[in-house]
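Architecture at a glance
Below, each chain spelled out in residue letters.
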Amino acid sequence: MAQFEQLHSSVPGIASVIERMRAFSSARPPTGGAEDGVAVFNRIYLTVTETVRRQIDGGAFPDRPAAATLDVRFAERYLSAVDAAAAGERTPDCWHPLFQYRHHPGVRPLQFALSGINAHIGHDLPLAVMDTCRTLGCAPPDLEDEFDRVGDLLLMLEERIREDLMPGPDLLELADPLTHLFGSWSLERAREAAWSTALVLWRLREVPLLAEEFRRRLDAGAGLVGRFLLTPCR
């Protein structure tokens, strides 16, 4: 009964974050022909979140409440950054480059997508694992199957990004540096690092000062990589 109650308290949360992402997409007007970089990431992330919801509803996850909670806690980290930016507040360091350069005319959609994914997986995902553990009263190893299955869905992003955001053959001069950029950042490696980071954070939870210092360094490091990913290509 407890698991059933958890499921029904968590799954509607996925519907809520999906609606917030859809609302963000519909609220972003074109800006002088330049595509909003945050909207680029939001569009991709919305697709992934909708896929995760279908997979959960279809029984693809052995522990549906855990999968739903992890997905919601993960999305909330990104949506909190969106809310902070909308309020004129500073976002976490990992998200700062994307929001700062979101309208830069020399940055391509592929770069916006990679910068957002880098922030979300490199910083938000291990923290979402910790959030989920606190919510469900479990430890990271209890979530490993759900983490891996969500990660497998995230890996599908690479092909989708390549198909949707890489320049066509009419932009070969631009496509060459972007191809190198795309190949220099690995979503799979980032996911593996996120899991290792979550395990470290779990061990540090009884040393709050050290845990916070570790988190701040993680945030700053993800922000540095995100800024490099947004180096203008023209």
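Here the residue numbering is sequential within each chain, running from 1 through the sequence in written order. The predicted nature of this model means local features are confined to residues of pLDDT at least 70 and side-chain atom pairs, given and counted, to a pLDDT of 80 or more, with totals for whole chains, interfaces and linings taken over all residues. Hydrogens and water are ignored here; the side-chain numbers use all heavy atoms of the structure.

Describing the confidence of the model for the chain
Put simply, the rule is: Confidence scores per residue from the predictor, reported as pLDDT, run from 0 to 100. Secondary structure elements are taken from DSSP: a helix is a run of H or I of four residues or more, a strand is a run of E of two residues or more, and numbering for both begins at the N terminus. Here, two residues are considered to be in contact whenever any of their heavy atoms come within 4.5 Å of each other.
Here the chain shows a mean pLDDT of 85. Residues at 70 or above account for 79%. The least confident element of the chain, judged by mean pLDDT, is helix α7 (residues 172-184) at 59; the most confident is helix α4 (residues 96-100) at 97. Of the regions scoring below 50 in pLDDT, residues 1-11 engages in 14 contacts with residues more than four places distant in sequence or in other chains.

Some details on helix α8 (residues 187-204)
Basically, it comes down to this: Here the expected span of a helix is defined as 1.5 Å times the quantity of residues minus one. Burial status follows relative accessibility: with a 1.4 Å probe on protein chains alone, a residue under 20% of its type maximum counts as buried, one over 50% as exposed, and anything between as partly exposed. Polar contacts, as used here, are pairs of N or O atoms within 3.5 Å; protein pairs need one atom able to donate a hydrogen and one able to accept it. Residues neighboring in sequence count only if both atoms are side-chain atoms.
Its 18 residues give α8 an end-to-end C-alpha distance of 25 Å, which sits within 8% of 26 Å, the value for a rise of 1.5 Å per residue. Along α8, the residues that are buried comprise L187, A190, R191, A194, W195, T197, A198, L201 and L204. Sitting at the amino-terminal end of α8 is S186, which places a side-chain oxygen 3.4 Å from the backbone nitrogen of E188.

Some thoughts on the pattern of salt bridges
Here is the rule we go by: Any Lys or Arg side-chain nitrogen found within 4 Å of a carboxyl oxygen on Asp or Glu counts as a salt bridge.
With the rule as written, the count across this model stands at 14 salt bridges. For R102, the salt bridge goes to D36, with nearest N and O atoms at 2.9 Å. A residue pair is termed long-range when its members are at least 10 positions apart, and R102 in the loop between α4 and α5 (109-136) and D36 in the loop between α1 (2-27) and α2 (37-57) qualify at 66 residues. Take R102: its relative accessible area is 12%, and that puts it in the buried class. A salt bridge links D131 to R134; its shortest N-O distance comes to 2.7 Å. Of this pair, D131 and R134 are both found in helix α5, three residues apart, which corresponds to roughly one turn of the helix. You can call D131 buried: its relative accessible area is 14%. Each of E19, R22 and E50 takes part in a single network of salt bridges with overlapping partners.

Overview of the packing of α2 against helix α3 (residues 64-86)
For clarity, the cut-off: Working convention: axes come from line fits to C-alpha atoms, limited for helices to the stretch in contact. Angles between N-to-C directions cover 0 to 180 degrees. Roughly parallel refers to an angle under 35 degrees, roughly antiparallel to one over 145, roughly perpendicular to one between 65 and 115, and oblique to any angle outside these ranges. Under the grouping applied here, Gly and all other residues not named as nonpolar or charged are polar, the nonpolar ones being Ala, Val, Leu, Ile, Met, Phe, Trp, Tyr, Cys and Pro and the charged ones Asp, Glu, Lys and Arg.
It is at 10 Å that the axes of α2 and α3 come closest, and there the two elements cross at 170°. Relative to α3, the element α2 is oriented roughly antiparallel. Residues V38, F41, N42, Y45, T49, V52, I56 and D57 of α2 touch α3, and the partners they reach there are R64, A67, A68, D71, F74, A75 and Y78. In terms of residue class, the contact of α2 with α3 is made up of ten nonpolar, two polar and three charged.

Points about the packing of α3 against α5
The condition is simple: Here a crossing is taken to be left-handed if its near helix is turned anticlockwise relative to the far helix by less than a right angle, and right-handed if that turn runs clockwise.
At their nearest, the axes of α3 and α5 sit 8 Å apart, and the two run at 130° to each other. Taken together, the axis directions place α3 and α5 in an arrangement best described as oblique. Crossing angle aside, the handedness with which α3 passes α5 is right-handed. Taken together, the residues of α5 that come into contact with α3 (itself represented by A66, T69, L70, R73, F74, A75, R77 and Y78) are H120, I121, D124, L125, L127, A128, V129, D131, T132, T135 and L136. Among the residues forming the contact of α3 with α5, the class breakdown is eleven nonpolar, four polar and four charged.

Comments concerning the nonpolar core
To keep things clear, this is the line we draw: Here, the term nonpolar core denotes a set of buried Ala, Val, Leu, Ile, Met, Phe, Trp, Tyr and Cys residues that are joined through side-chain atoms within 4.5 Å.
Ranked by size, the top nonpolar core spans 60 residues in total, and within it Y78, W95, I121 and V129 carry the most contacts. Dropping the residues within four chain positions of it, V129 is found in contact with L70, P140, L143, F147, W195 and A198.

Section: α2
Taking 1.5 Å of rise per residue, 21 residues should cover 30 Å, and α2 covers 31 Å from first to last C-alpha, within 8% of that figure. Most of α2 is tucked away: 15 of the 21 residues are buried. Among the residues trailing α2, G59 stands out with phi positive, at a value near 85°.

Thoughts on the environment of V40
Along the chain, the position of V40 falls in helix α2. In this structure, the C-alpha to C-alpha distance between V40 and F112, residues 72 residues apart in sequence, is 6.6 Å.

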